[in-house]
Each structure stands twice: as structure tokens, then as C-alpha cells.
Protein chains: 2
Amino acid sequence: MKKDVNQLALELHKSLRGKMEICSKTQIKDKYDLALIYTPGVAAVSTYVANNKYETNNYTMRGNLVAVISDGSAVLGLGNIGPEGALPVMEGKCVLFKHFAGIDAIPIVLSTQDPQKIIEAVLAIAPTLGGINLEDIKAPGCFIIEKTLREKLDIPVIHDDQWGASVVVLGALINALKITSREIKDTKIVVSGAGAAGTAIVKILHTKGARNILVCDREGIIYDSRPGNSSHKQELAQITNPKQQKGTLKDALVKADVFIGVSSPGLVSEDMVRSMNEQAIVFALANPTPEIMPDLAKKAGAYIIATGRSDYPNQVNNALAFPGIFRGALDHHVKKITTEMLMHVAENLSQLVADPTPEEIIPSIFDERVMKSVAQSIRDY
Amino acid sequence: MKKDVNQLALELHKSLRGKMEICSKTQIKDKYDLALIYTPGVAAVSTYVANNKYETNNYTMRGNLVAVISDGSAVLGLGNIGPEGALPVMEGKCVLFKHFAGIDAIPIVLSTQDPQKIIEAVLAIAPTLGGINLEDIKAPGCFIIEKTLREKLDIPVIHDDQWGASVVVLGALINALKITSREIKDTKIVVSGAGAAGTAIVKILHTKGARNILVCDREGIIYDSRPGNSSHKQELAQITNPKQQKGTLKDALVKADVFIGVSSPGLVSEDMVRSMNEQAIVFALANPTPEIMPDLAKKAGAYIIATGRSDYPNQVNNALAFPGIFRGALDHHVKKITTEMLMHVAENLSQLVADPTPEEIIPSIFDERVMKSVAQSIRDY
């Protein structure tokens, strides 16, 4: 019997004992080498850097070092599995950083899930780092963590579950709207999921000009002053749902142009897709099992379909964005990543597809132009 | 004009832009590779590890990962130069870890010098790590940091300025005493410096049986209830100075058998060495400039002389100890490093010198037997 991907992944990880290693760029052949890389020579370097802190990135690994930090509270589709369970994912992310952008990335998993303690721990280790990629930290804690770290640090801080996802979604959506001749301001967009990704997607779409967005969570459509609204959901209510509609995801999807799911497997039925407008755009991004499988969505009339999976067309994959975002920020000394920069990234991503079709609205992660285009966007803006 | 070591070190560091990099052990050639190292395959690994936490080290890099952590408060002989200045030294230490013991080591420098905050930050990131090497953290904060982390974590935690130094000093001293036919219990030992290294040296010598130790700091010989004694100096007073002698370093050295300096350049004069007993043993370990230069000490009658320098015989170098200590602890799942283990390391280190002479009391760090012997000692004990 052929081994499945899970069994192969377990075997690979056990044989590697970790996917990353830390290597020297220099050799120690004798005491003269030692004298240069350690005492006494390193004292001159330390003295120089201590007196010229802006030179730190030129004399240490910090200029190319990003930490991938998680508390293990929202790992992939697995939920709150803790720091040990998060570690293989964070190492995988570090492999992607190196492969796609040549960035040295180190996984850091945390023993606390208290946002204030996470903030303090990250601030404490920050002088080591050129950038911070927050990963798989659950909402709403992730919002205050990212916001506070951005305020207090002068290095790029990105919660990738928010911004990586939203950038790529926007890039794909720009082409989908182009194919279907829609203007974003007139397009009815339904977002399923109001966690990290859903919230960031709504924010970036709103910034891009979307004015008819409905966001749904487990309790249905979010509206202003809905009982129990957390502060971030209340914030979402302010920029969505202009008619203060109430109801379920099913209600929301009636006459919608676009569905964007970052929620749970199987939430969307064929009937729900049928209730959408002509040339419906369905981004069913729950991973690994989408809100509706592409073949069912197609059968129900969806015109453009994207998922998070590599085995269907139009893979919406964060790896299109985060390597280049950090590459650009590190190389061009960008200290704060703004929503406007990310919109610029999304626009350039969409333009890498010269002739968008329903089967190709976003470039492949193996397209070598992607990382450079993204990095360039961060520089140029 | 020939370039000096400082200039060469600066040039080397600038050209390398950091001495370490983080490398993948695996390749990403296509989407099938991606499916194994990242989603969806990694989900199986994360689930397995989350449910079997004891397997974490077998499926991630954690089993071979040590953090070299500093707050930059006591860097080499440079003092409190802060985290940026500390970073080149910590990277250098990481190069030594890799070169001498094949250990993946990552530098972490901190934005805080508050012991309680350091403890919290290290506890927060600890699930990432197989071991913790505290480095260049000033006394007395280093003592409570190490003690608390050892109590709260089940991975090896070593403040190397304390234990690395003390292990190698003891190893060298065992041979020096052998050559001069002294028993440690009858030997008068004067330690200059009551910081991290001095304190640990006193503790390990006392555990080894030394009963006639005098410790001096800037104010002279430490004695019981000396006005202003901090708690760690009061602790030192309990195990040293049996006759409650008062006075200066000069007074202490009269009729001493052994001088161990981990203090400041030039503190010891030729006259002070002359006042010591016959066959005096002088370990002048202040770095890079010793308490007394070896040629002066020799002229004044010292019989066995050691320094921290590579350009004189008998280099007392922490790098003899720490790579093997962590190698042994990681490989044999040793969760707590004890003083008894470290004494065992010192004894085995001393025995690597088959025929000790005044010019050879400790092996070279380039002796390939060293790391294995040290690691073996940690396993065996």
C-alpha cells in the first residue's frame, strides 16, 4: 500500500530530527581564527557596535534574521495544541523563509498564551532580531500583540495569519474582479470567519475600496452592537454591513458576488453557492478541507474558485507574500509594514499574471518573479 | 604596516555580516516536498508531537538547539555594553558550539537587565530550546537567574561565566597540585574576584575539598558579616576565610600556595608573587591582560603559570568545557547539571594530560579528545 502524506511527513521529520540547522559562515582552523571570531578580536567588534548601534545589522546576523514566533494557540487547522505541537510548523515556515527569500529564520515557541506576557517576552528578545513574524496566535489576542509590538519596536512585525493571508486574497481577488468586470466598490463580498485572517481580509478589502462586505462568524452576520461583540468584531461592524443586516451565512450569501472563507470545512452548501450572483467568485480557503470542495462549487455555478490547496488551481498561499515582504523590509530598512504597502504588494502580485483566467488568478509560489516583485513593492512604496 | 587583530576582526565581521546562518536540512523542489515539510503533512507531525511531548526533540531541531543568552551587562572585559555590543560575542560562542560539539546554537540578546524580567523572558521561550547557556550576565543577578531557571525548567541551564570557568580552573589546578605534590585540603588558595567566575570557582574548589580559601574583591578579603556584604558574598564568607582574616589582596597572598585571578589587569605585583610560598601556582586569568604578565610572575618565582590567553602556555579557556557539557547533556537527556558532574568533568580534563609539567597542565582546545571526554563525563556521572 502506498504511504500517505502523513506517514511520509512523520518519517521525514524523524529522520531529519528537525528541518533547520545553524551553521557557521566561518571556519576555526587554529588559534588565529579563534582570535578573530572570538576573543580577543571580537572585543573590537563589540565595542564598535555598542558605540554605533545602527551598525549592528552590518556586523552580526541580525540584518538577515527573522523570528517565527508562536504560542501554539491556533496552529494550522489544529487549534490550540501548545508550543511543542507548534514547533514543526514554525520550523517549516523557517524553511520557506530560507528557500524563497534567503532569510535566516528561527522558530520560537512560547510557554505562555497570555497576550501581555507574550508582548513582554518578544520585547525582551527583540534586540536579537531583524524582523518578527508572529504565527498561529489566536484572535483576539493576536491583534493587541501585533499592535503593541509595532508601536514599541522599530523592526517589521507581521502576524502572518492576518497579513500574509489578506495580501494574497486581495491579489487573487483583483484578478477575479477583472475577469468578471466588477468594481470592488460595487461588489458584494461575504467573508466567513472573523479570526485573525478574516479580520485582516476585511480591513484590507475595505482599505481597497470595498463598501458592501458582510462578515460572518459562528453566530452569523456581524452587525453593529450585536450582543457579545468583542472590540475587534465591533470594529469590523463599523466598516461592513452598511444595511445592518442580520442572519446566517446562508442569508448573507444570497446575491453575493464573492465568498471568502477562512473558517471551517463544509460550511457552504451547493444551494448556498446557487443563491449567489452570476459569475460567482468562491475562495474556500479553510485548510486542508475547504468550506466547499471546488468540484461541488463549480457544479453549483461558481465561475472562479480558489482554495488553500496545491492540488487545485488558484492556490491562495501565504508563501506568496511573507518571504518577499520580509526580504524587502530587511534589505531596505523598512521599520513599519503598513496596510498601504501590503495593498501595493497585492496589486503587483495580481499583475504577475499577464492574462488572468478563471483557472489562473494568482501566480504559483514556484514562480521566481514572485519574491522579487513582493520585495520590490515593499521598497518602492 | 601589518594589520592588528582588532582591525582584522572588524573587517572579517563586516564582510561576513554575521558569523552564523540558519540552513535547511531539506530541499523544496516541488509541491510534493512542500506537502511534507509544511502543510498538509506537517499537521500529522504537529499532532503527534502535541500528543507525545517527550518526542519533540526527535521530530524538531530542539534536541540539538542551545540558546546563548545575554543581557549585555558584563561582556568579556568590556563591562555593561548592552545587547547590541553583546551580539558579536554571543555569535562567536555559537560558532564555538557548532565547531567543537556540532550543536546548533542561537544567540539571544535581551532588552532588559532586570533579573526577574530576564527569568520571565527565558521561561517564555524555553519550549523552543534543548539547553540554555547564560552568558556575560553580571553578578549578583546571574545567580538568581540561573538558580530560578534551573528550578523551573527541565533542560540544562548553565551560566558559563560561572561554571565553564570553574571547571577548567579546577582541571588545571588538579594537575598543578599534582606536579607540586600538594593536597587540595591543605593548600592555601587566594581567589581575586567575587563576581560570577570567582564565586563559582570558590564553590567548586570548596566542594572538591579546599578548606583554606581567601576571596578578595575590590574592598579586600571577604569575611563573615563584612559591612555591605551582598548575600552571595556572605555565602562565600561562610565557606572561606576560616580564620576570619581581614586585609588586602596583598595581605592575602602572603604564604599562599595558589593565586587564581578572575579580576582586573595588573592587580598583582612581583613582590606579591614573591610573598607566596615556594612553587607558587599563579592563574592570572583576567582577559586579555592578566593580573600579572607571565614573564613577570616567573621572574618573581612563580613555578606554574596559567592565563586566559592563547599566546602563553596553559590557556584556561571555557571552550574546553561548555561544548562537551552541552553535548553530553543533550545526547544523554541530562536535565540538571550539578556541581558534582562538573567536578567529574574537571577530573577527566586533567587526566587528558598524560604527563603534566609546569608548561602543560591542561589540554589544548584543539585536542580532539576533549569534547568527547567532557560529554562522556556528563553522561557517566
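Residues numbered from 1 in each chain as written. Chains lettered and ligands numbered in written order. Predicted model: local features only at pLDDT ≥ 70, side-chain atom pairs only at ≥ 80, totals over all residues. Heavy atoms only, no water.

I keep staring at the overall build of chain A and nothing clicks. Help me out?
Helix and strand counts for chain A come out as 16 helices and eleven strands. The C-alpha radius of gyration of chain A comes to 22 Å, within 12% of the 21 Å expected for a compact globule of 381 residues. Considered along the principal axes of its C-alpha atoms, chain A spans approximately 75 × 55 × 40 Å. Taken over 381 residues, chain A has a buried fraction of 62%. Contacts spanning at least 24 positions in sequence make up 66% of the contacts within chain A whose residues lie at least 6 apart. As displayed, chain A offers around 14,500 Å² of accessible surface, 51% of which is attributable to carbon and sulfur atoms. Charged side chains in chain A number 41 positive and 42 negative. The centres of these two groups are separated by 1 Å. (Helix = DSSP H or I, 4+ residues; strand = E, 2+ residues; numbered from the N terminus. Rg over C-alpha atoms; globule rule 2.2 N^0.38 Å. Buried < 20%, exposed > 50% of the residue type's maximum accessible area, 1.4 Å probe, protein only. Contact = heavy atoms within 4.5 Å. Areas by Shrake-Rupley, 256 points an atom, 1.4 Å probe, with all protein chains shown as cover. Lys, Arg positive; Asp, Glu negative; His and termini not counted. Charge placed at Lys NZ, Arg CZ, Asp CG, Glu CD.)

When you look at the packing of helix α6 (residues 115-125) of chain B against helix α7 (residues 141-152) of chain B in this model, what are you seeing that I'm missing?
Think of two packed helices as two axes; the pair is described by the angle between the axes and how far apart they sit. Residue and element names in this part refer to chain B. Relative to each other, α6 and α7 sit at 30°, their axes nearing to 9 Å. Crossing handedness for the pair α6 and α7: right-handed. From α6, Pro115, Ile118, Ile119, Val122 and Leu123 reach across to α7, where they touch Gly141, Ile144, Ile145, Thr148, Leu149 and Lys152. In terms of residue class, the contact of α6 with α7 is made up of eight nonpolar, two polar and one charged. (Axes fitted to C-alpha atoms, helices over the stretch in contact; angles between N-to-C directions. Left-handed = near helix turned anticlockwise from the far one by under 90°. Nonpolar A, V, L, I, M, F, W, Y, C, P; charged D, E, K, R; others polar.)

Looking at this structure, how should I read the packing of helix α14 (residues 322-331) of chain B against helix α16 (residues 369-380) of chain B?
Residue and element names in this part refer to chain B. One can describe the packing of α14 onto α16 by two numbers: an axis separation of 7 Å at closest approach and a directional angle of 45°. When the axes of α14 and α16 are compared, the pair comes out oblique. The interaxial crossing formed by α14 with α16 has right-handed handedness. Of α16, the residues touching α14 (which contributes Pro323, Gly324, Ile325, Arg327, Gly328 and Ala329) are Met371, Val374, Ala375 and Ile378. Considering only residue class, the contact of α14 with α16 consists of seven nonpolar, two polar and one charged. (Parallel < 35°, antiparallel > 145°, perpendicular 65-115°, else oblique.)

In this structure, what is going on with the interface of chain A and chain B? I would like to understand it.
Accessible area lost upon the coming together of the parts serves often as the stated size of an interface. Contacts between the two partners involve 86 residues from chain A, matched on the other side by 86 residues from chain B. In this assembly, chain A packs against chain B so that about 8,500 Å² is buried in total across both faces, 70% of it on carbon and sulfur atoms. Here chain A is connected to chain B by two salt bridges. The salt bridge partner of glutamate 21 of chain B is lysine 98 of chain A, with a shortest N-O separation of 3.1 Å. Linking chain A to chain B there are 34 residue pairs in polar contact (both at pLDDT 80 or more). Among the secondary structure elements, those contributing two or more residues to the side of chain A that touches chain B are α1 (5-16), β1 (20-24), α2 (31-37), α3 (41-51), α4 (56-59), α5 (82-101), β3 (104-109) and α6 (115-125) of chain A. If you tally residues by element for the side of chain A that touches chain B, the top one is α5 of chain A, at 13 residues. Residues that form the side of chain A that touches chain B fall into these classes: 48 nonpolar, 20 polar and 18 charged. (Buried area = accessible area lost by both parts, 1.4 Å probe. Salt bridge = Lys/Arg side-chain N within 4 Å of Asp/Glu carboxyl O. Polar contact = N/O pair within 3.5 Å; in protein donor to acceptor, adjacent residues only side chain to side chain.)

Mind showing me how you'd approach helix α10 (residues 231-239) of chain A here?
Helical geometry note: an α-helix holds 3.6 residues per turn, so side chains three or four residues apart project in the same direction. Residue and element names in this part refer to chain A. Every buried residue of α10 is accounted for by His232, Lys233, Leu236 and Ala237. Down the axis of α10, the buried side of the element spans an arc of 150°, and every buried residue falls inside it. Structural note: α10 exposes Ser231 and Gln238 on the side pointing more than 90 degrees away from its buried face. Against α7 (141-152), α9 (196-208) and β7 (212-217) lie the buried residues of α10. (Arc of directions from axis to C-beta.)

What should I look at first to understand the confidence of the model for chain A in this one?
The predicted structure's coordinates, where accompanied by low pLDDT, should not be read in detail. For chain A, the mean per-residue pLDDT works out to 96, and 99% of the residues sit at or above 70. Reported confidence for the predicted complex is 0.96 by ipTM and 0.96 by pTM. (pLDDT = per-residue confidence, 0-100.)

Is there a simple way to explain the pairing of strand β3 (residues 104-109) of chain B in this structure?
The side chains of a regular strand alternate between both faces of the sheet. All names here are of chain B. Of all six residues that make up β3, six are buried, and the element is covered over most of its length. Residues of β3 alternate between two faces, with Asp104, Ile106 and Ile108 on one and Ala105, Pro107 and Val109 on the opposite face, all of them buried. Relative to β3, strand β2 (residues 65-70) is paired through six bridges, and the arrangement is parallel. Bridged to valine 68 within β3 is proline 107. Once you follow β2 into helix α5 (residues 82-101) and on to β3, the crossover reads as right-handed. (Pairing = 2+ DSSP bridges. Right-handed = clockwise from strand over helix to strand, strands pointing away.)

Honestly, the packing of aromatic side chains in this entry has me stumped. Any pointers?
Centre-to-centre distance and the angle between the planes together describe a pair of aromatic rings. Residues and elements named next belong to chain A. Counting across every chain of the model gives eight aromatic pairs over all chains. An aromatic cluster of three or more residues is present, and its members are Phe97, Phe322 and Phe326. When the ring centre of phenylalanine 322 is taken as origin, the NZ or CZ atom of lysine 93, which lies over that ring, is 3.9 Å away. (Phe/Tyr/Trp six-rings, centres within 6.5 Å; stacked < 30°, edge-to-face > 60°. Lys NZ or Arg CZ within 6 Å of the ring centre and 35° of its normal.)

Looking at this model, I keep getting lost on the sheet that holds strand β10 (residues 280-284) of chain A. Mind explaining?
Two modes of strand pairing occur in sheets, parallel and antiparallel, and in both the strands are linked by backbone hydrogen bonds. All names here are of chain A. If you walk across this open sheet you meet the six strands as β8-β7-β6-β9-β10-β11, and the pairing is mixed. Here the strands that pair on one side only, and so sit at the sheet edges, are β8 (220-221) and β11 (302-307). The sheet contact formed by strand β9 (residues 258-261) and β10 spans four bridges and is parallel. When the bridges of β10 are listed, valine 258 appears paired with isoleucine 281.

What is the right way to look at the pattern of salt bridges in this model?
A side chain with one charge can pair with a side chain of the opposite charge if their charged atoms come near. Summed over all chains, the structure comprises 40 salt bridges over all chains. Across the pair aspartate 33 of chain A and lysine 29 of chain A runs a salt bridge, and its minimum N-O distance is 3.2 Å. In this structure, glutamate 135 of chain B engages lysine 93 of chain B in a salt bridge whose closest nitrogen and oxygen atoms are separated by 3.0 Å. Of this pair, glutamate 135 of chain B sits in the loop between β4 (131-134) and α7 while lysine 93 of chain B sits in helix α5, and the two are 42 residues apart along the sequence. Residue lysine 93 of chain B is classed as buried on the basis of its relative accessible area, which comes to 1%. Here the residues in one salt-bridge network are Glu270, Asp271, Arg274 and Lys299 of chain A, joined through shared partners.

How should I be thinking about the environment of lysine 93 of chain A in this particular structure?
In this structure the C-alpha to C-alpha distance between lysine 93 of chain A and proline 107 of chain A, which are 14 residues apart in sequence, comes to 8.2 Å. Excluding its chain neighbours within four sequence positions, the residues that come into contact with lysine 93 of chain A are Val68, Asn133, Glu135, Asp160, Asn318 and Phe322 of chain A together with Tyr38 of chain B. Within the local environment of lysine 93 of chain A, its side chain forms a polar contact with the side chain of glutamate 135 of chain A, the two groups lying 3.1 Å apart.

Just to check I follow, could you spell out the relation of the copies chain A and chain B for this structure?
Two chain copies, one operation linking them: a rotation about an axis together with a shift along it. Aligned on chain B, chain A shows an RMSD of 0.0 Å; the corresponding rotation is 180° and the shift along the axis is 0.0 Å. Here the symmetry operator amounts to a two-fold rotation axis. Of the interface residues in chain A, 100% have counterparts in chain B that sit at the interface too, so the contact is made through matching surfaces. (Least-squares fit on C-alpha atoms with pLDDT ≥ 70 in both.)

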